[in-house]
Amino acid sequence: MDAAYLLDWANLLVRWLHLITGIAWIGTSFYFIGLDNQLDPPKDGNPRVAGEQWSVHGGGFYHKQKYLLAPERLPEKLHWFKWEAYWTWISGFTLFVLIYWGQASTYLVDPAVLDMPAWVAVLVSAAMLAGGWVAYDLVCRSKLGENEALLGVIGAAALAVVAFAACHVFGGRGAFLQVGAMTGTIMVANVAMVIIPGQRKMVAAMQKGEAPDPKYGRWGKQRSVHNTYLTLPVLFIMISPHYPMTWQSRWNWAVLLAIGLSGALVRQYFVSRQKGKNPVWLPAGAAAVVAFLVWAGAPDRATGSAAEAPPFAEVQTIVASRCVACHAARPTMDGFAAPPKGVMLETPQQIRRWAAGLRQQVQTEAMPPGNLTDITPEERAKLLAWVAAGAPPD
Ligand code: HEC
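Worth saying up front: this structure is predicted, and the values here are computed from it rather than measured. (Residues numbered from 1 in each chain as written. Predicted model: local features only at pLDDT ≥ 70, side-chain atom pairs only at ≥ 80, totals over all residues. Heavy atoms only, no water.)

*Asks:* Mind showing me how you'd approach the site of the ligand here?
*Replies:* For the ligand, the set of nearby residues contains 21 residues, the closest of which are Cys323, Cys326, His327, Lys341 and Met367. Contact distances for the ligand include 3.2 Å between an oxygen atom and a side-chain N or O atom of arginine 173. At a separation of 2.7 Å, a nitrogen atom of the ligand approaches a polar side-chain atom of histidine 327. Of the residues forming the shell around the ligand, the biggest block, 4 residues, is contributed by helix H14 (residues 355-363). When the residues that make up the shell around the ligand are grouped by side-chain class, the tally is 14 nonpolar, 4 polar and 3 charged. (Near = heavy atom within 4 Å. Polar contact = N/O pair within 3.5 Å; in protein donor to acceptor, adjacent residues only side chain to side chain. Helix = DSSP H or I, 4+ residues; strand = E, 2+ residues; numbered from the N terminus. Nonpolar A, V, L, I, M, F, W, Y, C, P; charged D, E, K, R; others polar.)

*Asks:* I would appreciate a short explanation of the coordination of the iron atom of the ligand in the present structure.
*Replies:* Geometry sets the ideal angles at a metal, namely 109.5 degrees for four tetrahedral donors and 90 or 180 degrees for six octahedral donors. In this structure, His327 (NE2) and Met367 (SD) serve as the protein donors to the iron atom of the ligand, at separations of 1.9 to 2.3 Å. One can describe the donor arrangement at the iron atom of the ligand as octahedral, given that its 6 donor atoms subtend angles of 86 to 179° at the metal. Of this pair, histidine 327 sits in the loop between helix H12 (312-322) and helix H13 (348-353) while methionine 367 sits in the loop between H14 and helix H15 (377-388); the two residues are 40 residues apart in sequence, bridging distant segments of the chain. On the basis of relative accessibility, which here comes to 11%, the residue histidine 327 falls in the buried class. Taking relative accessible area as the criterion, methionine 367 reaches 28% and is therefore assigned partly exposed. (Donors = N, O, S within 2.8 Å, 3.2 Å for Na, K, Ca; no water. Tetrahedral: all angles 85-135°; square planar, octahedral: opposite > 155°, others 65-115°. Buried < 20%, exposed > 50% of the residue type's maximum accessible area, 1.4 Å probe, protein only.)

*Asks:* In this structure, what is going on with the domain arrangement of the protein chain? I would like to understand it.
*Replies:* Each domain of the protein chain was delimited in the assignment, giving domain 1 (91-297) and domain 2 (302-388). Relative placement of domain 1 and domain 2: their C-alpha centres are 34 Å apart. Facing 8 residues of domain 1, the contacting portion of domain 2 comprises 9 residues. Both faces combined, the contact of domain 1 with domain 2 buries some 700 Å², and carbon together with sulfur accounts for 61% of it. Counting the surface domain 1 buries against domain 2, the share from its top three residues, Thr106, Pro244 and Gln248, is 55%. Put simply, domain 1 and domain 2 have 0 salt bridges between them. At the surface where domain 1 touches domain 2, the tally comes to 1 residue pair in polar contact (both at pLDDT 80 or more). (Domains from an automatic or database assignment. Contact = heavy atoms within 4.5 Å. Buried area = accessible area lost by both parts, 1.4 Å probe. Salt bridge = Lys/Arg side-chain N within 4 Å of Asp/Glu carboxyl O.)

*Asks:* Sorry, what's going on with the side chain of glutamine 178 here?
*Replies:* The topology assignment puts glutamine 178 in helix H6 (residues 172-207). For glutamine 178, a relative accessible area of 0% translates into the label buried. Within polar-contact distance, the side chain of glutamine 178 engages the side chain of serine 125 at 2.6 Å. The contacts of glutamine 178, once residues within four sequence positions are left out, are Phe96, Ser125, Met128, Leu129 and Phe170.

*Asks:* Teacher, can you tell me more about the side chain of threonine 28 here?
*Replies:* By the element assignment, threonine 28 lies in helix H1 (residues 3-37). On the basis of relative accessibility, which here comes to 17%, the residue threonine 28 falls in the buried class. When near neighbours in sequence (up to four residues on either side) are disregarded, threonine 28 contacts Phe81 and Glu84.

*Asks:* Explain the pattern of salt bridges to me, please; I cannot follow it from the model alone.
*Replies:* Any two side chains of opposite charge can pair, so long as their charged atoms come close to each other. Tallied over the entire structure, the rule returns 8 salt bridges. A salt bridge links lysine 215 to aspartate 213; the nearest nitrogen and oxygen atoms lie 3.6 Å apart. Via salt bridges that share partners, Asp36, Lys66 and Lys221 belong to a single interconnected network.

*Asks:* I'm lost on the UniProt feature "transmembrane region" (unreviewed entry) in the protein chain in this one. Help?
*Replies:* Per the UniProt annotation, the sites labelled "transmembrane region" (unreviewed entry) are residues 12-33, 86-104, 116-136, 148-171, 177-196, 228-245, 251-271 and 280-298. As annotated, residues 116-136 comprises 90% helix and 0% strand, and the C-alpha atoms at either end are separated by 28 Å. Segment residues 228-245 splits into 78% helix and 0% strand. End C-alpha atoms: 26 Å apart. (UniProt positions renumbered as here; feature names shortened; annotations may be inferred.)

*Asks:* Looking at this model, I keep getting lost on the environment of glycine 335. Mind explaining?
*Replies:* Inspection of the secondary structure puts glycine 335 in the loop between H12 and H13. Of the residues examined, glycine 335 reaches a relative accessible area of 55% and is grouped as exposed. Residues glycine 335 and tyrosine 5, spaced 330 residues apart in sequence, show a C-alpha to C-alpha distance of 8.8 Å.

What follows is the structure in structure tokens.
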């Protein structure tokens, strides 16, 4: 068993963990947002109860009450929600290190964007991860942090700057994941550094019989609202590696910004619905943003049709020299134990079978990754012309 094979397994198992913990975290978060927005005024007398909800689930009835400040006495057992978030970050960061740092020359560096040694890319990536949180946290704690609307505008501007910078330093796919990892780090740090410590201080004050300082509740609420705006864009970014048309386009940084915007609109819509309103312009706005992306990102059709479809023998020669080092039953490229995604391009049958995937990957220039095998624009045009002609076998 070689290292590359074991790494594939590590990748799969950590990804599985990341999904499970991410679902647990986001599920809890969605649940509590919904609960908060759907509380009714309490029916019977406890003045400390700010709202309540009855619900039915899994064959039982639940009666939840929200205490804005605190109950008279702390219950013996209090459930905290934090390990879902921490494990999502631990597993996500591990994955990021395994793939984007461990194979930085494939996934992070793209010489066509900016040529640099892998270790420099890793350093820049790490600095951006840490710097993103520090800058965000400072702004939230400053005077600016008191004005939510202003903070929203600053947030959008910061996303534009970070997306632009990442897309001009790293290859598209790495840039997207870099921004996703930065955002995810901010979300988890919000839990670990602000929300949970604040809750600890509130509980400690109550145990001493003092009234907890309401500022901790306010800070915690602010960060948890921010997290709800960041959730949907981050989820989009995490599935984007499968869709090179998002991160390979020339305007990839704008795509990133637009996706962030539409995710925020969708989030706003769900919260409004939960509060009994139905502002349809919000999802319509999100759909318009996505429609614009689809239009703006459409590949230049000319590339495929300009060239004459070459004879199949020529297609096979190009694929053999530009793709087969990785896409073979036994790849010869360092670091590949098996053909990536099971895609083998050695025989004529295999090449024809993968024609659609080949078109997608070659047109968006996602393959070869970082153009490691130096495919030329003419060769790309020939491959695309061949697919456009119906991938003829001769
Ligand atoms: C340096 C190694 C390497 C070279 C060279 C290479 N690929 Fe890939 N290919 C990969 C990797 C890695 C993946 C998996 C990407 C991922 O993780 O999503 C992949 C995935 C693919 C996929 C599947 C995409 C999907 O997610 O369904 C296709 C199709 C593909 N490559 C076609 C090509 C073609 C065509 C060429 C030649 C023009 C090529 N590749 C050259 C490494 C390579």
